[in-house]
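The chain contents come next:
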Amino acid sequence: STSRCERDHDGPGPRAGCWGRAGVLLPRGGSSTPVRAEQVSEVTALWDKNQLVVARLRSGRYWSSGWPMLNFAIPPEAEIADGHSAHVCYRLLDTSVRCAGLNANGKVGNGSSLWPGHVADAWDPGLCGVRSIATGTYHTCAVMEDSTVRCWGDASHGGLGTGDLATEQCAGINHPTDCFTRPTIVPGLDRVERLFLGVWGSCALRDDHSVWCWGTLASD
């Protein structure tokens, strides 16, 4: 996909990789004491993504192994999204974003949904002016430069904060869900500094130090 922002980052670059739960780094059966993960070395940064882990190597490349297998170009200066999920999003210096990985509930933002399977190539959901991005288990949200919020993915539990807006139907994990497959503004929310996304819920920290939440924060 082509960025709608000023600069184009779709050329060759370092590779990013993701693998399954962090437990794959442990010996079979686990360990009650710290052990070295033999699968990867020379790591300069590590992100826990719950069902995924992302490691940046000293070489500037990214290590990959396991499910879902992802290999996509990502500049070394990209900011990987906060949050735990089976999909990965990152922000580029031109303030656009890219997402890839499991696309159940439409959380990659490419206008479609898929289950089973995943989006293997980093996708531009069409946002410019993104200040930060966060991923939840079933959805994705971005804070814009004007301090408003855009979200996409599973809307069935109110986690997108879109209220009564008409939704789409997405392929969810084992059953269809209400969703938005493209970034959609969260109405009535502004002056946001940071987002925190869970399973079916979200919270926003505003510049007046108040916290606003929507959706279902519990996992039941």
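For the structure given in this document, a descriptive report is provided here.

Definitions and cut-offs
Residues numbered from 1 in each chain as written. Predicted model: local features only at pLDDT ≥ 70, side-chain atom pairs only at ≥ 80, totals over all residues. Heavy atoms only, no water. Pairing = 2+ DSSP bridges. Helix = DSSP H or I, 4+ residues; strand = E, 2+ residues; numbered from the N terminus. Axes fitted to C-alpha atoms, helices over the stretch in contact; angles between N-to-C directions. Salt bridge = Lys/Arg side-chain N within 4 Å of Asp/Glu carboxyl O. Buried < 20%, exposed > 50% of the residue type's maximum accessible area, 1.4 Å probe, protein only. Disulfide = S-S within 2.5 Å.

A closer look at the sheet that holds strand E17 (residues 211-216)
Across the sheet, 3 strands lie side by side as E15-E16-E17; this open sheet has antiparallel pairing. Taken across any chain shown, the strands that pair with only one partner, and hence form the sheet edges, are strand E15 (192-197) and E17. Across the sheet, the axes of successive neighbouring strands diverge by a mean angle of 15°, strand direction being ignored. As paired elements, E15 and strand E16 (residues 200-206) share 5 bridges and run antiparallel to each other. If you follow Phe196 over to E16, its bridge partner there is Cys203.

So, the pattern of salt bridges
Oppositely charged side chains can pair when the atoms bearing their charge come close. For the structure shown, the criterion picks out 5 salt bridges. In this structure, Asp190 engages Arg206 in a salt bridge whose closest nitrogen and oxygen atoms are separated by 2.8 Å. In this pair, Asp190 is assigned in the loop between strand E14 (176-185) and E15 and Arg206 in strand E16, connecting sequence segments 16 residues apart. You can call Asp190 partly exposed: its relative accessible area is 35%.

Things to note about the state of the cysteines
For the structure on display, the rule yields 4 disulfides. A sulfur-sulfur separation of 2.0 Å characterises the disulfide bridge that pairs Cys141 with Cys151. Disulfide Cys141-Cys151: torsion about the S-S bond near 110°, hence right-handed. Of this pair, Cys141 sits in strand E11 (residues 139-144) while Cys151 sits in strand E12 (residues 149-154), and the two are 10 residues apart along the sequence. Note on accessibility: Cys141 and Cys151 belong to one class, buried.

What to know about the sheet that holds strand E8 (residues 97-102)
Ordered in space as E6-E7-E8-E9, the 4 strands form an open sheet in which the pairing is antiparallel. The open sheet terminates on both sides in strands that have one partner only, identified here as strand E6 (79-80) and strand E9 (118-123). As paired elements, E8 and E9 share 3 bridges and run antiparallel to each other. Its bridge partner being in E9, Cys99 is matched across the sheet by Trp123.

Points about the pairing of strand E10 (residues 130-135)
Strand direction decides the pairing type here: E10 and E11, joined by 5 bridges, are antiparallel. Paired with Ser132 across the strands is Val143, a residue of E11. The hairpin formed by E10 and E11 contains 3 residues between the paired strands.

Some thoughts on unusual backbone geometry
Going from Trp115 to Pro116, the amide bond is cis rather than trans, its omega being -10°. Summarising the element assignment, Pro116 is placed in the loop between E8 and E9. Positive phi outside glycine occurs at Glu42, with the angle close to 55°. As for its placement among the helices and strands, Glu42 is situated in the loop between strand E1 (15-18) and strand E2 (43-48). Judged by relative accessible area, Glu42 falls into the partly exposed class, the value being 45%. For Asn105, which is not glycine, the phi dihedral falls at a positive 70°. By the element assignment, Asn105 lies in the loop between E8 and E9.

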